[in-house]
Amino acid sequence: MNLHTEMTDAADAAARTVANVDAGQFGRPTPCTDWDVRTLLNHLIVWTSYSLAARAEGESVGQDLIDRDFAADPGFAADYRAQLNVALTAWSDPATWERSLDVMGSPMPAADVAALNLAEMVLHGWDLAAATGQAYAVSEAAAAAALQAVAANAELFRQYKGFAEPVQVPADATVLDQVLALSGRDPGWTAPDEA
């Protein structure tokens, strides 16, 4: 299962969203109730670009990157786009998708690691867009890949409080709204000062 095209679409959507975040929005609430925009932005940057690139090589990011305040750099959006390109290049070799990676001491197919990261891009990209008043758009193929990854892991993530309980959406909801709802997000969420 090679999702490089879908990963590229999700990365482009995330990069567009990050590019339109203003420092004046850093303190705003987000759909991730314990995080403000700055915390969410830093999480999105480290896990969907630096970690994604490291994972392609079977490695993990260090604590220095996990703790780094990327948002403190005025060029954070351009830097994120550049690091996403590094990650996408690292995953462009079809052989990378066939490997088994060590994830926290257990083997995991590289394609599954990539699919989870793609879901992270879509979910947190949407979170950031909603928190900063942006429209979020991603290809239906990328949203469908995220939905498949979320469906396969939702119950496990709920056990560790990574996802809330599913939200009900209409039967004809878009694929994006379906993945948001399955992960416990309300697709109609807006920042409190915009409600």
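Going by the structure above, here's the rest.
Worth saying up front: this structure is predicted, and the values here are computed from it rather than measured. (Residues numbered from 1 in each chain as written. Predicted model: local features only at pLDDT ≥ 70, side-chain atom pairs only at ≥ 80, totals over all residues. Heavy atoms only, no water.)

### A word on the packing of aromatic side chains
Item 1. Counted by the stated rule, this structure contains 3 aromatic pairs.
Item 2. Ring geometry for F26 versus F76: centroids 6.0 Å apart, planes at 55 degrees, classification tilted. Taken as a pair, F26 in the loop between helix 1 (4–19) and helix 2 (37–56) and F76 in helix 4 (residues 76–90) lie far apart in primary sequence, 50 residues in all.
Item 3. Given a relative accessible area of 9%, F76 falls into the buried group. (Phe/Tyr/Trp six-rings, centres within 6.5 Å; stacked < 30°, edge-to-face > 60°. Helix = DSSP H or I, 4+ residues; strand = E, 2+ residues; numbered from the N terminus. Buried < 20%, exposed > 50% of the residue type's maximum accessible area, 1.4 Å probe, protein only.)

### A short note on the packing of helix 2 against helix 5 (residues 110–131)
Item 1. Here helix 2 crosses helix 5 at 160 degrees, and the two axes come no closer than 10 Å. Taken together, the axes of helix 2 and helix 5 lie roughly antiparallel to each other. With respect to the hand of their crossing, helix 2 and helix 5 are arranged in left-handed fashion. Of the residues in helix 5, those touching helix 2 at V37, L40, L41, H43, L44, W47, T48, L52 and R55 are V113, N117, E120, M121, H124, G125, D127, L128 and A131.
Item 2. Of the residues that constitute the contact of helix 2 with helix 5, the class distribution is 10 nonpolar, 5 polar and 3 charged. (Axes fitted to C-alpha atoms, helices over the stretch in contact; angles between N-to-C directions. Parallel < 35°, antiparallel > 145°, perpendicular 65-115°, else oblique. Left-handed = near helix turned anticlockwise from the far one by under 90°. Contact = heavy atoms within 4.5 Å. Nonpolar A, V, L, I, M, F, W, Y, C, P; charged D, E, K, R; others polar.)

### A word on the packing of helix 1 against helix 5
Item 1. Contact geometry of helix 1 with helix 5 gives a least axis separation of 9 Å together with a crossing angle of 25 degrees. When the axis of helix 1 is compared with that of helix 5, the two are roughly parallel. Considering how the two elements wind past one another, helix 1 and helix 5 form a crossing that is left-handed. Taken together, the residues of helix 5 that come into contact with helix 1 (itself represented by E6, M7, A10, A11, T17 and V18) are A114, L118, M121, V122, G125, L128 and A129.
Item 2. Residue composition of the contact of helix 1 with helix 5, grouped by class: 10 nonpolar, 2 polar and 1 charged.

Keep in mind these numbers describe shape, not what the thing actually does.
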